[in-house]
Every structure is written in structure tokens, then in C-alpha cells.
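Summary of structural features
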Amino acid sequence: MRQPIDAYVLSKCGYVSLFAVRSGYRFRNFVREDFTMWERITEKLKILSDAAKYDVSCASSGGKRKNENKGLGNSANSGICHAYTEDGRCVSLLKILLTNFCIFDCAYCVSRKSNDIKRAAFTVQEVVDLTINFYRRNYIEGLFLSSGIFTNADYTMERLVLIAKKLRTEHNFHGYIHLKAIPGASPELLREAGLYADRLSINIEMPTEQGLKLLAPDKNREDMIRPMNYLKTEIQQYKEEIVKFKKTPAFAPAGQSTQMVVGATQETDLQVLYTANHFYKKMQMKRVYYSGYVPISTDNRLPAIGTPVPMIRENRLYQADWLLRFYSFNVNELISPEQPLLDLDIDPKLSWALRNLSIFPLDINKAELPLIKRIPGIGVSSALKIVAARKFRKLNWEHLKKMGIALNRARYFITCNSPDFEIKDYQPQQIKQFILTKGNSKYENTFSQQIPLF
Ligand code: SF4
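If you're wondering where the values come from, they're calculated on a predicted model, not measured in any experiment. (Residues numbered from 1 in each chain as written. Predicted model: local features only at pLDDT ≥ 70, side-chain atom pairs only at ≥ 80, totals over all residues.)

Side note on the overall build of the protein chain
- If you tally the helices and strands in the protein chain, you get 15 helices and ten strands.
- Of all 454 residues assigned to the protein chain, the portion counted as buried reaches 39%.
- In the protein chain, of all internal contacts separated by at least 6 residues, the share reaching a separation of at least 24 is 68%. (Helix = DSSP H or I, 4+ residues; strand = E, 2+ residues; numbered from the N terminus. Buried ≥ 20, exposed ≤ 12 C-beta atoms within 10 Å, placed from the backbone. Contact = placed C-beta atoms within 7 Å.)

Following this line, the structure appears as C-alpha cells:
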């Protein structure tokens, strides 16, 4: 009787060398058919992991699935089983497409039907086996599964759901699962997906409806909004019920997220952030991801090949997004119709502070917490530390330094109990120049991509 593939070996250089080792057989006993199967799966992995790299919405923050029945894996919401790159991308999930066949022809997408590329599709069982084998060997901590749309939305969604279902019910898998919900899929399938996946996401694709019409005329924004609304209601209901009934089955406990392609059309950062803000407020999105368009086509509706969106634009959008969610900023404070693009030289918080110099300097020993959080160089946890520590002593430069505050930026906006702080009547442009010449941006020279499997 044929034995299942038993091991996948990850080489030190980070590339996967895939060896099918049959239980009970020595390596030299491999037969031709094993190699054929191995080669076929390797080839599919190459194609479908590469196609998945354009999707950036795979951070697993917020997932919590406790392993109670000696099952496989454990997902926690504190990030213990995920690794994040500096720019917020998660690299520890097996990130693949079920298939890169697609009936649609979205101009910005590498899987569009008119693109002349190699196509491949996994079977449901192949994805299940890969996930389990990779997980057992500690190469991954979960699965991020997306797909091109073949036949129709429900046909594709059914297969995605089946993979998650098999992992949970047949393999007792408790690792993190992020499924892409296919726009236009039926509520029944979305409901089932929510029961097995930690997070579901539906990509909004373009920041505006006009952008979507221009580049993906076959697609309908309503097909994305309707399932998002459905998920919002179900997630909300789950959150309410779990408080009353402990045994309520989990429904997408890590919430839903979405992704926008930035820079494929002319939308400004103002439009991008308005759209993101709308989804946070109206759809209770856990995250909105921004994916800088990588020119892959000579289509004249798109930016030319060789002119990718600068990585720094993505970073600035993520920083602004962070300020909206955790620092109580609103979009109008960060960006305006008169200046609809974020400053690429400096982060949005510093940019805001320079436009509002009249409220500074703030006395760090007296200022209210919400204002302290708005000081460049001071994050939420540092602000809380300041408020807690100043109950016991007047804070000076040394205390602030020990708390990890970025004084190269903060020093221009605060006063404290220290003679070293000499506030001068600087102009915004001067402060910007001082900071740019003295400090190093933490985003400088960082560009991380999905780690290649091969
Ligand atoms: S539907 Fe999705 S996979 Fe298909 S072409 Fe459009 S963006 Fe690409």
C-alpha cells in the first residue's frame, strides 16, 4: 500500500528543499513515482507561493485558539507563533494560493486570465498535507490561503472552506488559519468559513469605486461590501454571545481584514485613508492593509513597468493608519485636500506636530495623556510610563531617556525638569531639518518581501 508523504525538509538558507521520505523506506528506496509526485508538488508550491506574495494581508494578530484536546498547534493573540517584519508583514505562515487560475481579468493582478503565465492548482488534500507537514516541522505557524476564482465564487469558496474544515476536524489543527473570502460567495459558505478560520478577509482591491471600474470592470464593489457586512454582523453576534454562553462556537475570532492596492490608479493618500477609516468605523475591520502596486503589465491604464510605488509610501500609510487606530487622530488632522499626499520625508505624527507648533512645547510633567501621545518620539506605552512615573517625581531628561523615548524628535516639542532642555524659537522647517540630519528613520533601507519558499 502507498504510504503518504512524510517529511519536508527546510534547508538552512531559507529555501525549502522538499524531500518525500516514505515511512519505513530508506532514501535509496525511492521509486520513480514518488519523485514524480514530489516534483509535481514542488512545482505547484513554486508557482502558487510566488503568486501569493502580492497579498500582504496576512498578519495574524488577534488570533486566539487554545489547544485543549492534545491537538496540533496553538494560536495565541500575543504574537508568540508569528514573526513580523519591520514593515508589519508576517512571514511565518504558509502563504499560498489554492490556484492561480482565474475567470477575472483585473489589470493589476498577476493571476488575471489574460496573463500568459504558468497555471497550477492544489487539490484540497494537498494543501491539508502541506500545512500539517510544515507545521509539524515547525516551519510555519499557520496557513494563509487565498485563491484565484475558478468556475465561480461559491465553487472556489467551497474548496477553501473544505481545507479549513479538514484541518480542524480531521487533524485537530489549532494553528492559525486566515482564509480569503471570495467576493460574491454565499452567506452559508461564509458562515462555515467563519467557524473554522481565525480570520477572514475580503479584498476591497481599489481605494475607490472608480478605480475598481477602471482596472477591474468585471468586478462589482457590492459583491465585496455585502459579505463584509455579513461577516461584521456574525462577528459582532459571536462577541455578544460568548460573553453569555461560554460554549458558543468561535466565529472568525481574529476578525476580518481587507487590503487595498495603492498606486495602481491615481488615488491620493487622502482617498486611501478616508476609505480605510470608513472600513474601520463601519465594518469594524481589524486591519486594513496597503499593498503598493508592483508594475507587472504594459497595460496603459497602469503605471509603467519599472516604476513601483516607493516602499516608503506604504510605510507612511501604515504609520497614519496606526495613528488613526491608537492615537485618536482623525484623517483630517493627518492630511488635507490641499495637501493630499503624506510627507515621505518624515512620519505623519511629526508632520502633524510641525503644522501645529502653536500647541508646543508641552510640559511633560503636566500635560494630559492624550496630548503626550501626540508628541513625536513618544509612543502609547511610553506615554503611559510618563504619566505613571511623574506621580512620584518630576521627570527630567535622564528619566525620559531611560524610558526609551526618542529624544532626538521629542526634544523639540517638550519641556521637563531639566536645564539641558533649551527651547528655541525654531521654525517648522528648521526642526524638520535638524531631525532629518541627526536621526535615522527606522524605516530607512528596509524592504522585506515574503520569504521565498524556493
Ligand atoms: S479576481 Fe482576484 S485573482 Fe482573479 S484576477 Fe482579480 S484580483 Fe486576480
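Here we look at the pairing of strand E4 (residues 142-146)
- The element E4 is largely enclosed, with a buried count of five among its five residues.
- Side chains Gly142, Phe144 and Ser146 project from E4 onto one buried face, and the interleaved Leu143 and Leu145 project onto a second face that is buried too.
- Where strand E3 (residues 93-97) meets E4, five bridges bridge the pair, whose relative direction is parallel. Its bridge partner lying in E4, Lys95 is registered against Phe144.
- Handedness of the crossover is the feature at issue here: the chain leaves E3, passes through helix H2 (residues 124-136), returns alongside E4, and the resulting connection is right-handed.
- In the sheet, E4 pairs with strand E5 (residues 176-180) via four bridges, with the strands oriented parallel. What sits directly across from Leu145, in E5, is Leu179.
- This β-α-β element, E4 to helix H3 (residues 153-170) to E5, shows right-handed connectivity. (Pairing = 2+ DSSP bridges. Right-handed = clockwise from strand over helix to strand, strands pointing away.)

So, the packing of H2 against H3
- Where H2 meets H3, the axes come as close as 9 Å, and the angle between the chain directions of the two elements is 40°. Viewed along their axes, H2 and H3 adopt a mutual orientation that is oblique. In the crossing of H2 with H3, the sense of the turn from one axis to the other is right-handed. The residues of H3 that touch H2, namely those facing Val124, Val127, Val128 and Thr131, are Arg159, Leu162, Ile163, Lys166 and Leu167. (Axes fitted to C-alpha atoms, helices over the stretch in contact; angles between N-to-C directions. Parallel < 35°, antiparallel > 145°, perpendicular 65-115°, else oblique. Left-handed = near helix turned anticlockwise from the far one by under 90°.)

Overview of the nonpolar core
- Core analysis: the biggest nonpolar cluster contains 100 residues, and Leu145, Leu160, Ala164, Leu179, Ala181 and Ala193 have the highest contact counts within it.
- In this structure, this core is formed jointly by two domains, domain 1 (49-334) and domain 2 (348-438), each of which donates at least three residues.
- Setting aside anything within four residues of it in sequence, one finds Ala193 in contact with Leu160, Val161, Ala164, Leu179, Ala181 and Leu200. (Core = buried A, V, L, I, M, F, W, Y, C linked by C-beta atoms within 7 Å. Domains from an automatic or database assignment.)

Some words on the site of the ligand
- Within the structure, the ligand sits among Cys102, Phe104, Cys106, Cys109, Ser111, Arg112, Gly148, Ile149 and Ala216.
- Looking at the shell around the ligand, its residues break down into six nonpolar, two polar and one charged. (Near = placed C-beta within 6 Å. Nonpolar A, V, L, I, M, F, W, Y, C, P; charged D, E, K, R; others polar.)

Looking at H3
- With 18 residues, H3 extends 25 Å from end C-alpha to end C-alpha; this agrees with the ideal 26 Å at 1.5 Å per step.
- Residues of H3 that are buried include every one of Thr156, Met157, Arg159, Leu160, Val161, Ile163, Ala164 and Leu167, and no others.
- Tucked into the core, H3 has its buried residues touching H2, E4, E5 and helix H4 (187-196). (Expected span 1.5 Å × (residues − 1).)

Some thoughts on the sheet that holds E4
- Pairing within the open sheet is parallel, and its six strands lie in the order E3-E4-E5-E6-E7-E8. In this open sheet, the two edge strands, each paired with only one partner strand, are E3 and strand E8 (287-292). Across the sheet, the mean angle separating the axes of adjacent strands is 20° when strand polarity is ignored.
- Where strand E7 (residues 256-262) lies against E8, six bridges are found, and the strand directions are parallel. Note on E8: the bridge partner recorded for Thr258 is Val288.

Structural notes on the environment of Cys416
- Along the chain, the position of Cys416 falls in the loop between strand E10 (414-415) and helix H15 (428-438).
- Judged by the 23 C-beta atoms lying within 10 Å of it, Cys416 is buried.
- Counting along the chain gives 53 residues from Cys416 to Asp363, while the straight-line C-alpha distance between them is 5.8 Å.

Looking at the environment of Lys282
- With respect to the helices, strands and loops of the structure, Lys282 is situated in helix H7 (residues 269-282).
- By the C-beta count within 10 Å, which is 12 here, Lys282 ends up exposed.
- Sequence spacing of Lys282 and Lys232 is 50 residues, and the spatial spacing of their C-alpha atoms is 8.9 Å.

Considerations on the packing of H3 against H4
- At their nearest, the axes of H3 and H4 sit 9 Å apart, and the two run at 25° to each other. Between H3 and H4, the interaxial angle falls into the category roughly parallel. Here the hand of the crossing between H3 and H4 comes out left-handed. Residues Asp154, Met157, Glu158, Leu160, Val161, Ala164, Lys165 and Arg168 of H3 form the contact with H4, whose participating residues are Leu189, Glu192, Ala193 and Tyr196.
- Considering only residue class, the contact of H3 with H4 consists of seven nonpolar, no polar and five charged.

Side note on unusual backbone geometry
- A cis amide bond links Phe360 with the next residue in sequence, Pro361, at an omega value of 0°.
- Note that Pro361 resides in the loop between helix H10 (348-355) and strand E9 (362-363).
- At Asn138, a position not held by glycine, the phi torsion is positive, near 65°.
- Position of Asn138 relative to the elements: it lies in the loop between H2 and E4.
- Residue classification places Asn138 among the exposed residues on the basis of 10 C-beta atoms within 10 Å.
- Here Asn172, not a glycine, exhibits a phi torsion of approximately 55°, which is positive.
- By secondary structure assignment, the location of Asn172 is in the loop between H3 and E5.

A few points about the confidence of the model for the protein chain
- Taken residue by residue, the protein chain gives an average pLDDT of 84. The fraction at 70 or more is 80%.
- Low pLDDT, under 50, characterises residues 1-28; the predicted model gives this stretch 37 contacts beyond four residues in sequence or across chains. (pLDDT = per-residue confidence, 0-100.)

Some remarks on the pairing of E3
- When you tally the buried positions in E3, you get five out of five residues, the bulk of the element.
- Here E3 shows no split at all, with Leu93, Lys95 and Leu97 on one side and Leu94 and Ile96 on the other all buried.

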